[in-house]
Amino acid sequence: MAREYARLRERNQVTLPASVVEQMGLNLGDIVEFSTNGKGGVQLHPAKIVKVGSAEARQEEKAAKQDIQEGKYTLIRSVGDFRKHVEKLRKGEAPSVAEPEAEHLTESQRHDVEAVVETTLMKLLSSLVEAPGSSHKHRHHEERAAQRRQVRSQAGESF
Amino acid sequence: MKRELRSAGRFDRKLASLFEALEGREKELQARLDEVVKGLLDGSITRAPEHHPTDDTCCLPLVGHLVVVFRPDKSVADGQDEAGRNITNFEGARMFDLLNIEEERE
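Residues numbered from 1 in each chain as written. Chains lettered and ligands numbered in written order. Predicted model: local features only at pLDDT ≥ 70, side-chain atom pairs only at ≥ 80, totals over all residues. Heavy atoms only, no water.

Peer 1: Explain the overall build of chain A to me, and be specific about the residues and the numbers.
Peer 2: The helix and strand tally for chain A stands at four helices and three strands. If you list the helices and strands of chain A from N to C, you get α-β-β-α-β-α-α. Looking at the 159 residues of chain A, the share that counts as buried comes to 18%. When contacts within chain A are restricted to residue pairs at least 6 apart in sequence, long-range pairs at least 24 apart make up 20% of them. (Helix = DSSP H or I, 4+ residues; strand = E, 2+ residues; numbered from the N terminus. Buried < 20%, exposed > 50% of the residue type's maximum accessible area, 1.4 Å probe, protein only. Contact = heavy atoms within 4.5 Å.)

Now the structure itself:
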């Protein structure tokens, strides 16, 4: 891997080596993207707008679909959400992250889930409230019945 | 009908770089993006030119020669426009994936 060096100047300016510019296919006015790798390093990519129907465009669309499959997206539910999202992007603050699966439900699906959870909780609560008394009574009845059966059988035996 | 958008990570990066590239036209870009997002979410935009027939993508004009490429989760072919382009109808879609920004100029 070829290495080139450049010195940081005033206002954080660095001149890209000519070989890098050539290899990246950059032209005057092009935008480049810097992305940190979390290990103190930075990667530099050309941020070009590709032509409709080109191989590059197909590749980028495929990569974007892959991002979505991997959960690397931001969910937008309103224009307000989108404006905030763009504002963060422009400040470099909004890495796209996967949202929890529950966030992918539509409103009606969420209502359905809430209704099922509510019904289940109500059933559980009512069974918990009734269970101690009813099971105690049930046990008590069973014990009394067993006692009566025992008395009858003893009485039968004695007759 | 509730509709939602998923903005892909790569779309986000493209968008951020586009704001850099269109310095001085940020308001115009933001206004057009707002229109597109609002139209897709509230269902006022239900038809768009087909972008790629095999993967159900569509595109809408952004600014200049740029188009935003997206994929609705449900769509049907809906004839052609005056320019002879195939039109896709996504009236029944509930989710739209924002995929890319591309230049339409030849």
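Peer 1: Describe the packing of helix 3 (residues 79-90) of chain A against helix 1 (residues 9-21) of chain B, listing the residues and the values that go with them.
Peer 2: With their axes 9 Å apart at the nearest point, helix 3 of chain A and helix 1 of chain B run at an angle of 70° to one another. With respect to helix 1 of chain B, the axis of helix 3 of chain A lies roughly perpendicular. Taking contact as the criterion, the partners of A:Phe82, A:His85, A:Val86, A:Leu89 and A:Arg90 in helix 3 of chain A are, on helix 1 of chain B, B:Asp12, B:Leu15, B:Ala16 and B:Phe19. When the residues that make up the contact of helix 3 of chain A with helix 1 of chain B are grouped by side-chain class, the tally is six nonpolar, one polar and two charged. (Axes fitted to C-alpha atoms, helices over the stretch in contact; angles between N-to-C directions. Parallel < 35°, antiparallel > 145°, perpendicular 65-115°, else oblique. Nonpolar A, V, L, I, M, F, W, Y, C, P; charged D, E, K, R; others polar.)

Peer 1: Mind laying out the side chain of B:Thr57, listing which residues take part and the relevant values?
Peer 2: Mapped onto the elements, B:Thr57 comes out in strand 3 (residues 57-61). Exposure remark for B:Thr57: the relative accessible area of 0% places this residue in the buried category. One polar contact links B:Thr57 to B:Asp55, side chain to side chain, over a distance of 2.9 Å. Apart from residues no more than four positions distant in its own chain, B:Thr57 is found in contact with A:Lys65, B:Glu50, B:His51, B:His52, B:Val69, B:Phe70, B:Arg71 and B:Leu99. (Polar contact = N/O pair within 3.5 Å; in protein donor to acceptor, adjacent residues only side chain to side chain.)

Peer 1: Run through the sheet that holds strand 7 (residues 95-103) of chain B, naming residues and quoting values.
Peer 2: Here eight strands make up an open sheet; going across it, the order is 3(A)-1(B)-7(B)-4(B)-3(B)-2(B)-6(B)-5(B) and the pairing mixed. Bordering the open sheet on either side are strand 3 (73-76) of chain A together with strand 5 (76-80) of chain B, each of which pairs with just one other strand. With strand direction ignored, the average angle separating the axes of adjacent strands in the sheet is 40°. Alignment of strand 2 (residues 47-52) of chain B against strand 3 of chain B, held across two bridges, turns out to be antiparallel. Bridge assignment links B:Glu50 to a residue of strand 3 of chain B, and that residue is B:Cys58. Across the sheet, helix 2 (residues 55-69) of chain A lies against strand 3 of chain A together with strand 1 (4-8), strand 2, strand 3, strand 4 (66-72) and strand 7 of chain B, angled at about 155° from strand 7 of chain B, the strand it touches most. Contacts between helix 3 of chain A and the sheet are confined to strand 3 of chain A together with strand 1 and strand 7 of chain B, with strand 3 of chain A contributing the most and set at about 145° to the helix. (Pairing = 2+ DSSP bridges.)

Peer 1: Before we move on, could you go through the interface of chain B and chain A and cite the residues and values that matter?
Peer 2: Counting residues at the interface gives 45 residues for chain B, matched by 38 residues for chain A. Surface buried jointly by chain B and chain A totals about 3,600 Å² across both partners, of which 59% is contributed by carbon and sulfur atoms. Applying the counting rule to chain B against chain A returns nine salt bridges. Residues B:Asp55 and A:Lys65 are paired through a salt bridge, measuring 2.7 Å at the closest nitrogen-oxygen approach. The tally of links from chain B across to chain A stands at 19 residue pairs in polar contact (both at pLDDT 80 or more). (Buried area = accessible area lost by both parts, 1.4 Å probe. Salt bridge = Lys/Arg side-chain N within 4 Å of Asp/Glu carboxyl O.)

Peer 1: Tell me about the pairing of strand 2 of chain B, and please be specific about residues and values.
Peer 2: All names here are of chain B. Where strand 2 meets strand 6 (residues 86-89), three bridges bridge the pair, whose relative direction is antiparallel. What sits directly across from alanine 48, in strand 6, is threonine 88. Between strand 2 and strand 3, which pair antiparallel and follow one another directly, the connecting turn spans four residues, one of which, aspartate 56, has a positive phi of 55°.

Peer 1: A description of the packing of aromatic side chains should follow, citing residues and the corresponding values.
Peer 2: Taken as a whole and judged by the stated rule, the model has three aromatic pairs over all chains. Aromatic pair B:Phe90 and B:Phe96: ring centres 5.5 Å apart, planes at 80°, arrangement edge-to-face. Taken together through their ring pairs, the aromatic side chains of B:Phe70, B:Phe90 and B:Phe96 make up a single cluster. The ring centre of A:Tyr73 lies 5.3 Å from the NZ or CZ of B:Arg6, which sits over that ring. (Phe/Tyr/Trp six-rings, centres within 6.5 Å; stacked < 30°, edge-to-face > 60°. Lys NZ or Arg CZ within 6 Å of the ring centre and 35° of its normal.)

Peer 1: Tell me about a positive patch on the surface, and please be specific about residues and values.
Peer 2: All names here are of chain A. A cluster of basic residues, Arg144, Arg148, Arg149 and Arg152, forms a positive patch on the protein surface. Looking at where arginine 152 falls in the secondary structure, it is placed in helix 4 (residues 107-158). Residue arginine 152 is classed as exposed on the basis of its relative accessible area of 55%. (Patch = residues over 30% accessible without salt bridge, like charges linked within 9 Å, V, L, I, M, F, W, Y side chains within 5 Å. Areas by Shrake-Rupley, 256 points an atom, 1.4 Å probe, with all protein chains shown as cover. Lys, Arg positive; Asp, Glu negative; His and termini not counted. Charge placed at Lys NZ, Arg CZ, Asp CG, Glu CD.)

Peer 1: So, the nonpolar core: which residues are in play, and what are the values?
Peer 2: Residue and element names in this part refer to chain B. In this structure, Leu15, Leu40, Phe70 and Phe90 are the most contacted members of the largest nonpolar core, which totals 38 residues. At six residues, the largest contribution of residues to this core is made by helix 2 (residues 26-42). With sequence-adjacent residues up to four places away left out, phenylalanine 70 is seen in contact with Leu40, Ala48, Asp56, Thr57, Cys58, Cys59, Leu60, Phe90, Phe96, Asp97, Leu98 and Leu99. (Core = buried A, V, L, I, M, F, W, Y, C linked by side-chain atoms within 4.5 Å.)

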